[in-house]
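Analysis of the macromolecular model
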Amino acid sequence: MTSQKLNTFLENNLQELKDNGLYNEIDVLEGPNGPKITIDGQKLINMSSNNYLGFANDERLKAKANEATDIYGVGAGAVRTINGTQAIHEELEDKIAAFKHTEAAVAFQSGFNCNMGAISAVMNKNDAILSDELNHASIIDGCRLSGAKVIRVKHQDMDDLRAKAKEAVESGQYEKIMYITDGVFSMDGDVAKLPEIVEIAEEFDLITYVDDAHGSGVMGKGAGTVKHFGLQDKIDFQMGTLSKAVGVVGGYVAGTQNLIDWLKVRARPFLFSTSLTPGASAACIEAIDIMSNSTEENERLWENGRYLKDGLKNLGFDIGNSETPITPCIIGEEKLTQTFSKRLTEEGVYAKSIVFPTVPRGTGRVRNMPSAAHTKEMLDQVLATYEKVGKELNVIK
Ligand SMILES: *Cc1c(COP(=O)(O)O)cnc(C)c1O
């Protein structure tokens, strides 16, 4: 007999989610997560992946992953600090550091566990973390895990950041104070105001931590948001993921040698969770090599982003204020947003709706993630479908 208490808890809560239409049915892809996907036998144009540069199914990355698997095996066999550090892991970290123009870098198994490990390796209960209110869940959890006092800062509000930094310093309560922010915010596509952030950080002696999950491979010709602003020497933590534009899996922090040395002895996922697979590491190295040698994919990504945005705007849609290829199409009311997304899918375009509580009530949107792998024909088909569904549901005239 399994626990009756647990069963009751699960049944009640699952039923409540289902009754409120909040239970998420998972779509299963019958193949790679490329610009076109197949779900339940239906071929769809894919506007929902983070595969910005098309690398997730790139032949060059696949070849390197297979080659490394032949040489090193499918698994690393241990955590990094026992004997799960293979030459390919060090090669990856050297590549990341060179690409980011930092002294060193450390790789983790995912962006999520990178944030869990890196924040709490440095911050503790004697410290405070100023955190943008729209930061990613992994930042929120990482901050919580550290035990530091978390102070929410209004989204991208530099006056609020300045005021709260001042207050935290003047309280004299904290040994260290960090400001942590997404480099690119994934719901609206807006970019962290790093020049102002650096100014405030210098004034109040803040540690700076930029999570560039959506900026790496996209901003700064691929090298990220910090590089975009030329602030590599001013930001303490350049954190990123290897699972979005890089197309594979994993996370990293790039920074000074001292910081990386410390993370390698204190970040718990590095110490207690088995290393990245050799195949994944090799594929990431290839992705960084490609990005270092050519901006072809990066330019196509931005061009496709502009094309999609112009098209949607010309049709009369509200596409918000994105500064990146991320293209929200703001529908407004929650139910209508969900219906809109469902109709797009029926018409062959897969674009997910994002509604409250992920975004504020009344700002429901269908979020589009154009990539370098989309063709103009695909984007034209997406636009034609938006026009059809938009008129049908009276979102546009
Ligand atoms: C996706 C994301 C992560 C998590 O990265 P994974 O590699 O998918 O675990 C962390 N931070 C931000 C801002 C993200 O968008």
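This structure is a prediction, so every number in the text was calculated from the model and none was measured.

Rules behind the numbers
Residues numbered from 1 in each chain as written. Predicted model: local features only at pLDDT ≥ 70, side-chain atom pairs only at ≥ 80, totals over all residues. Heavy atoms only, no water. Pairing = 2+ DSSP bridges. Helix = DSSP H or I, 4+ residues; strand = E, 2+ residues; numbered from the N terminus. Contact = heavy atoms within 4.5 Å. Axes fitted to C-alpha atoms, helices over the stretch in contact; angles between N-to-C directions. Near = heavy atom within 4 Å. Polar contact = N/O pair within 3.5 Å; in protein donor to acceptor, adjacent residues only side chain to side chain. Areas by Shrake-Rupley, 256 points an atom, 1.4 Å probe, with all protein chains shown as cover. Nonpolar A, V, L, I, M, F, W, Y, C, P; charged D, E, K, R; others polar. UniProt positions renumbered as here; feature names shortened; annotations may be inferred. Salt bridge = Lys/Arg side-chain N within 4 Å of Asp/Glu carboxyl O. Buried < 20%, exposed > 50% of the residue type's maximum accessible area, 1.4 Å probe, protein only. Expected span 1.5 Å × (residues − 1).

**Structural notes on the sheet that holds strand S10 (residues 327–332)**
- The 3 strands are arranged S10-S13-S12 in an open sheet whose pairing can be described as antiparallel. The strands lining the two open edges of the sheet, one partner per strand, are S10 and strand S12 (353–354).
- Helix-sheet contacts for helix H12 (residues 296–314) involve S10 and strand S13 (364–368), and the interaxial angle to S10 is about 25 degrees.
- Lying on the sheet, helix H13 (residues 334–346) is in contact with S10, S12 and S13; it crosses S13 at an angle near 30 degrees.

**Brief notes about the site of the ligand**
- The environment of the ligand is made up of 14 residues, and the closest members are Gly 111, Asp 211, Thr 241, Ser 243 and Lys 244.
- Here Phe 112 contributes a backbone N or O atom positioned 2.9 Å from an oxygen atom of the ligand.
- In the environment of the ligand, an oxygen atom lies 2.6 Å from a nitrogen or oxygen atom belonging to the side chain of Lys 244.
- Within the complex, the protein chains bury 85% of what would otherwise be the 380 Å² of accessible surface of the ligand.
- Take the shell around the ligand: its biggest share by element is 3 residues, from helix H4 (residues 111–122).
- Of the residues in the shell around the ligand, the class split is 2 nonpolar, 9 polar and 3 charged.

**What to know about the UniProt feature "domain: Aminotransferase class I/classII large" (unreviewed entry) in the protein**
- As annotated by UniProt and renumbered to match this structure, "domain: Aminotransferase class I/classII large" (unreviewed entry) occupies residues 43–383.
- Annotation note: span residues 43–383, helix share 44%, strand share 16%, distance between end C-alpha atoms 17 Å.

**Digging into the sheet that holds strand S11 (residues 349–350)**
- In space, the 3 strands of this open sheet follow the order S1-S2-S11, with mixed pairing throughout. The open sheet has two edge strands, strand S1 (36–39) and S11, and neither has a second partner.
- Both S1 and strand S2 (residues 42–46) contribute to a ladder of 4 bridges, which runs antiparallel. Paired with Ile 39 across the strands is Gln 42, a residue of S2.
- Packing of helix H14 (residues 376–392) onto the sheet brings it into contact with S1, S2 and S11, and relative to S2 it is tilted by some 100 degrees.

**Some thoughts on the pattern of salt bridges**
- Using the criterion set out here, one finds 23 salt bridges in the structure.
- A salt bridge links Lys 264 to Glu 93, with the shortest nitrogen-to-oxygen separation between them at 3.1 Å. Of this pair, Lys 264 sits in helix H9 (residues 257–266) while Glu 93 sits in helix H3 (residues 87–100), and the two are 171 residues apart along the sequence.
- Assessed through its relative accessible area of 3%, Glu 93 is described here as buried.

**Observations regarding H13**
- Along its 13 residues, H13 runs 19 Å from first to last C-alpha, staying within 8% of the 18 Å computed at 1.5 Å per residue.
- Of all the residues in H13, the buried ones are Glu 334, Thr 337, Phe 340, Ser 341, Arg 343 and Leu 344.
- Of the surrounding secondary structure, the elements contacted by the buried residues of H13 are S10, S11, S12, S13 and H14.
- For H13, the capping residue at the N-terminal end is Glu 333, with a side-chain oxygen 3.4 Å from the backbone nitrogen of Lys 335.
- Downstream of H13 by a residue or two, Gly 348 has a phi angle that is positive, lying close to 100 degrees.

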